[in-house]
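Structural description and commentary
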Amino acid sequence: MKFFLVIFLLICSSLKAEEGFKNIPVNRGNAYLPTYVMVNPKATATIILLPGGDSGTLIDTNGKPTTQNFLSRSRDLFYKANFNVLIVFRASDMNKLEYDYRVSNEHISEIKYILDYARENLKKPIWLVGTSRGTVSGTAASIALKDQKLIAGLVLTSSVTNRVTGAIATQKLSEI
């Protein structure tokens, strides 16, 4: 009986959720992507949240992002719906994320680092979820990386549709 209790406790401890910031290195000096990670032991998929605006954040005294971005604020709802959640903020060497950078090869490479991290560590289908300017990043990455079969799906909310660089209407949506 003690043997089964020990096994049960070991299994339960391995199902413990993990939450906090991880700095995912990018191939640019000491630069990294601050990424808030919530690992759900019951996850059916992993969602990578791409916030809008300039994708910056501050960290509160509990080590959580304080941005008021819709996706970041909704992280607990996604987690409770049985998803692993990764919120990707702008790289440490960037002051803001402009439209032209969000469609650049360099930014696509940054997103690929996050996709590789999620694939290797979380082993669930990966969906990109972008809001506002994050839709520019999500769409560009989905198009550029389509042949690598890393992305199971793309969700766009409050999409940028006007004719600025990278707006959804200017990207080749038919390639997704």
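Residues numbered from 1 in each chain as written. Predicted model: local features only at pLDDT ≥ 70, side-chain atom pairs only at ≥ 80, totals over all residues. Heavy atoms only, no water.

Brief notes about helix 5 (residues 105-122)
Over its 18 residues, helix 5 extends 25 Å from the first C-alpha to the last, a length consistent with the 26 Å expected when each residue adds 1.5 Å. Residues of helix 5 that are buried: H107, I108, E110, I111, I114, L115, D116, Y117, A118 and L122. In the stretch just after helix 5, K123 is the one whose phi turns positive, near 50 degrees. (Helix = DSSP H or I, 4+ residues; strand = E, 2+ residues; numbered from the N terminus. Expected span 1.5 Å × (residues − 1). Buried < 20%, exposed > 50% of the residue type's maximum accessible area, 1.4 Å probe, protein only.)

Description of the packing of aromatic side chains
With the rule as written, the count across this model stands at two aromatic pairs. With a centroid separation of 5.1 Å and an interplanar angle of 65 degrees, the aromatic rings of F21 and Y36 are classed as edge-to-face. Within this pair, whereas F21 is found in strand 1 (residues 18-25), its partner Y36 is found in strand 2 (residues 32-39), the two being separated by 15 residues in sequence. Assessed through its relative accessible area of 25%, F21 is described here as partly exposed. Its relative accessible area of 2% is what places Y36 among the buried residues. Relative to F89, the ring of F21 lies with its centre 6.1 Å away and its plane at 35 degrees, an arrangement referred to as tilted. Of this pair, F21 sits in strand 1 while F89 sits in the loop between strand 4 (83-88) and helix 4 (99-102), placing them 68 residues apart in sequence. Assessed through its relative accessible area of 3%, F89 is described here as buried. A network of ring pairs unites the aromatic residues F21, Y36 and F89 as a single cluster. (Phe/Tyr/Trp six-rings, centres within 6.5 Å; stacked < 30°, edge-to-face > 60°.)

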